[in-house]
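Architecture at a glance
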Amino acid sequence: MTLETSARAGAATLLTAALACVAASALWLAPDDARAAPRVDRWSEGDRSTLASMLLSRLPAPPADPSNAVEARPEAIALGRRLFSDTRLSRNGQVSCASCHAPERDFQDGLPVGKGVGTGSRRTMPIAAATHGPWLFWDGRKDSLWSQALGPLEDSAEHGANRTQLVRLLQTHYRADYERVFGPLPSLQGVPAHAGPLGTDDERQAWARLSGEQRDAINRAFANLGKSIASYERTVAYGESRFDRYAAAALSGDRAGQQVLTSQEVGGLRLFIGKAQCSTCRNGPLLTDQHFHNTGVPQRDPARPDRGRSAAVAKVQQDEFNCLGKYSDAGRDACQELRFIAADDPGMEGAFKTPSLRNVAERGPYMHAGQFASLEEVVAHYVRSPKVALGHSELAHAGKGHAERAPIRLSDEEAAALVAFLKTLNGPSR
Amino acid sequence: MNLSPLLPGALRPRISSAAAAALASALLLAACATPADLDVTLQHASRQGKFVVLMEPPDTGPAVNQMHAWRIRLSAPDGTPVSQASMAFEGGMPQHGHGFPTRPRVTRELAPGVYALEGMKFSMTGWWDMRLAIQAGDASDTAVFNVIVTDSGIRR
């Protein structure tokens, strides 16, 4: 069944009539090749508007980050690209950003949780188009790409490095390139090899012994390291997918072009923007609302439940590297997201970021800690809508749905079609 | 400030019971259907008639996920601007059970009776409500507004 897979599909006579009508019109319009008459998919005005809004070509250029004044400079981008794959930026000399965000693997690692010098507690996130969202990480505890880049460097499970070690690395290996962008590096005379506010006990004590001026100068160079990496990451973009080619063809009336998706995939697309309710949160060219939701995804470690967004708001507000902080290049008025952050939303308990669905089929396992191995499991989760251990799931429960939202009900065939559609969202990421 | 106690259910969306029944069945097909007779006027009296409120969106848009500001013009029923009012804001998507992705606030009075509502952001298309709790002098009242957000901004 290829022509009409809408919610009205139960009306058999109507469907038969539609089939006959469409078949007749296809014959009439393509008399020279009637046997290979291309499938014609019919979309309502509302559907067409939704399809148009999902096109990658509708994505604006990456928004300027006023907190990173160098992000567009080619020298900053080139420096960031080198730093991104430099394993010296780690405790054991073996972990770079690219170790987990592997460029040849869509900038991720395929693991349930990240593995750096230790084992993390959340899934490695993709990098392409990350700068389009106001909050970084699964819980949004960072408010810029450059501030985000600093987190893993000092995380004991990721790079496990420390602040003076990293600035010394800049001095030893990147001095000329750094100074071309940011001006002179600080003197590290008398500064211990390993010191930082988030390190081991020894490193924290060494950090506390530095003067305020020393700490400030090192912090600034550390922030600039993040700004370089962010400048490079900002250039990583998604490429067109089969879905984009299909939607462009459907919108322009290009019948041959519409054959780039199979009838099953088109059926999945109808479900995606229709009764499967995916496009509620998966909207716009990146197929994300850039927000946080609790959908009852099982806790990876029930003994230590992950509170997600609700535990991250205070972190980003207090972060010395946030938009309002002294290492930001933005004025106060440019920090709207932070100034108007929803700090007390009870719906954020156990909520995690909606990642882009672009390239999703290349990016299992799924959810914030790789809880589901396959897209089939993901779709089954939304249909099952389990009870949550923490907070409140936004999904309605079958039989006793919210007043606001209907439960998601899909047959096996529909679930398979939805998964087939999700696999059409792959494109190059570079 | 939680406005919910100030805003009884009858006030929130202005929908008749017949429309509500129609809405309920429509929701079975499409969770995002917007009630047909939703009051989307941006100027009307507050609930008890103590104020007249005009909500002014930006001239164009705003795009989904774009941070922006509104102006609120607050006046007495006779049209006199009301200065030095304090207004608490809440809102969200009634059909999705979530609030704004940001915490919008009335930040300052720009001119007599004209207030800036900053930190506004619609994270998706559809029906959003905006609820004000207004306090000026001895008078307090509430007002509710609805907007339909489309891919090209607020439906006007």
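The preceding data block contains the structure.
Below: a short report on this structure. (Residues numbered from 1 in each chain as written. Chains lettered and ligands numbered in written order. Predicted model: local features only at pLDDT ≥ 70, side-chain atom pairs only at ≥ 80, totals over all residues.)

**What about the interface of chain B and chain A?**
At the interface, 26 residues of chain B touch 25 residues of chain A. Only helix 1 (17-29), strand 5 (98-99) and strand 7 (114-120) of chain B provide two or more residues apiece to the side of chain B that touches chain A. Top element by residues in the side of chain B that touches chain A is helix 1 of chain B. It accounts for 3 residues. Classifying every residue of the side of chain B that touches chain A by side-chain character gives 13 nonpolar, 9 polar and 4 charged. (Contact = placed C-beta atoms within 7 Å. Helix = DSSP H or I, 4+ residues; strand = E, 2+ residues; numbered from the N terminus. Nonpolar A, V, L, I, M, F, W, Y, C, P; charged D, E, K, R; others polar.)

**A closer look at the sheet that holds strand 5 of chain B**
For sheets, the rule is that strands pair by backbone hydrogen bonds, running either parallel or antiparallel. Residue and element names in this part refer to chain B. The strand order across the open sheet built from 5 strands is 5-4-8-9-10, with neighbouring strands paired in antiparallel fashion. The outermost strands of the open sheet, each flanked by one partner alone, are strand 5 and strand 10 (153-154). Both strand 9 (residues 139-150) and strand 10 contribute to a ladder of 2 bridges, which runs antiparallel. Each residue of the ladder has a partner; that of Thr150, found in strand 10, is Gly153. (Pairing = 2+ DSSP bridges.)

**A few points about the nonpolar core**
Counting residues in each nonpolar core, the largest one holds 79 residues, and the members touching the most others are Leu166(A), Phe222(A), Ile229(A), Phe272(A), Leu418(A) and Leu422(A). Once residues within four sequence positions are removed from consideration, Leu418(A) is found in contact with Gly268(A), Leu271(A), Phe272(A), Ala276(A), Val379(A) and Leu410(A). Counting residues in each nonpolar core, the second largest holds 27 residues, with Val53(B), Phe89(B), Val106(B) and Trp127(B) among its members. (Core = buried A, V, L, I, M, F, W, Y, C linked by C-beta atoms within 7 Å. Buried ≥ 20, exposed ≤ 12 C-beta atoms within 10 Å, placed from the backbone.)

**Some remarks on the packing of helix 6 (residues 163-173) of chain A against helix 9 (residues 212-233) of chain A**
How two helices pack is summed up by the angle between their axes together with the distance between the axes. Residue and element names in this part refer to chain A. The N-to-C vectors of helix 6 and helix 9 enclose an angle of 70°; their axes lie 9 Å apart at closest approach. What the angle tells us is that helix 6 and helix 9 run roughly perpendicular. In this structure, the crossing between helix 6 and helix 9 has a hand that is left-handed. Judged by residue contacts, Arg163, Thr164, Leu166, Val167 and Leu170 of helix 6 engage Ile218, Ala221, Phe222 and Leu225 from helix 9. (Axes fitted to C-alpha atoms, helices over the stretch in contact; angles between N-to-C directions. Parallel < 35°, antiparallel > 145°, perpendicular 65-115°, else oblique. Left-handed = near helix turned anticlockwise from the far one by under 90°.)

**Quick word on the sheet that holds strand 1 (residues 43-45) of chain B**
All names here are of chain B. Read across the sheet, 5 strands follow the order 1-2-3-7-6 without closing on themselves; strand pairing throughout is antiparallel. Only two strands of the sheet have a single partner each, and these edge strands are strand 1 and strand 6 (105-111). Each adjacent strand pair in this sheet contributes to an overall mean axis angle of 25°, direction not counted. Of the strand pairs in this sheet, strand 6 and strand 7 are connected by 5 bridges, and their pairing is antiparallel. If you follow Val106 over to strand 7, its bridge partner there is Leu117.

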